[in-house]
Amino acid sequence: MRPSPPTPADDFFLGMFETALEEDEIVTAVTFPVPQKADYQKFEQPASRFPLVGVFVAKHDDGVRVAVTGASESGVFRWTEAEEALSADFSAGALDGLSVDADGMITDLHGDGAYRAHLIKVLTGRAVTASR
């Protein structure tokens, strides 16, 4: 069997626990471009130490990626509005005026959707400031 050409992550991950991997395929390698700057920030639930929200920011030559975990009922997602703003100005101030919609965010005893949406913006700003 010939190996398939590389698949970008945006095309590979289809949703919560779902990928584009066919039944007769196996992942044999994973590669990532090395970012110019990157940082991961998480807000932990104190008892479990599991992140209520985690944000990874990566700055590349061709733009910025912002990945969010732990907040959405649909799983990991990219905050594209922040990516666009940070691609133009890689500073925490570029996030001013942006907000994440609370619809579809997890609501549980640790925090509601609006709280998690707010944390996404806060943690994104911290990740940009801390990135090296």
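The structure displayed is predicted, hence computed values, not measured ones.

A word on the side chain of His60
Here His60 shows up in strand β4 (residues 51–60). In contact with His60, not counting residues within four places along its chain, are Pro33, Val34, Pro35 and Gln36.

Digging into the packing of aromatic side chains
In the structure shown here, the tally under the stated rule is two aromatic pairs. Each ring, one from Phe12 and one from Phe13, has its centre 5.0 Å from the other, and the planes form 85 degrees; the classification is edge-to-face. Looking at Phe12, the relative accessible area reads 19%, which means it is buried. Summarising the aromatic geometry, the rings of Phe43 and Tyr115 are spaced 6.2 Å apart at their centres and angled 85 degrees between planes, so their arrangement reads as edge-to-face. One end of the pair, Phe43, is in strand β3 (residues 37–44); the other, Tyr115, is in helix α3 (residues 113–130), and 72 residues separate them in sequence. For Tyr115, a relative accessible area of 32% puts it in the partly exposed group.

Some thoughts on α3
Spanning 18 residues, α3 covers 25 Å between terminal C-alpha atoms, matching the ideal 26 Å at 1.5 Å per step. Residues of α3 that are buried: Gly113, Arg116, Ala117, Leu119, Ile120, Leu123, Thr124, Gly125, Ala127 and Val128. Contacts from the buried residues of α3 go to β3, β4, β5 (63–69), β6 (77–78) and α2 (80–88). Between a side-chain oxygen at the N-terminus of α3 and the backbone nitrogen of Ala114 the separation is 3.3 Å; the capping residue is Asp112.

Topic: α2
Those residues of α2 that fall on the buried side of the exposure criterion are Ala82, Glu83, Ala85 and Leu86. Those residues of α2 hidden inside the fold are in contact with β5, β6 and α3.

As for the pairing of β5
Bridge count between β4 and β5: seven bridges; the pairing is antiparallel. Across the sheet, residue Phe56 finds its bridge partner in β5, namely Ala67. Connecting the antiparallel pair β4 and β5 is a turn made up of two residues. Sheet analysis places β5 next to β6, joined by two bridges and oriented antiparallel. Its bridge partner lying in β6, Val68 is registered against Phe77.

Thresholds applied
Residues numbered from 1 in each chain as written. Predicted model: local features only at pLDDT ≥ 70, side-chain atom pairs only at ≥ 80, totals over all residues. Heavy atoms only, no water. Helix = DSSP H or I, 4+ residues; strand = E, 2+ residues; numbered from the N terminus. Contact = heavy atoms within 4.5 Å. Phe/Tyr/Trp six-rings, centres within 6.5 Å; stacked < 30°, edge-to-face > 60°. Buried < 20%, exposed > 50% of the residue type's maximum accessible area, 1.4 Å probe, protein only. Expected span 1.5 Å × (residues − 1). Polar contact = N/O pair within 3.5 Å; in protein donor to acceptor, adjacent residues only side chain to side chain. Pairing = 2+ DSSP bridges.

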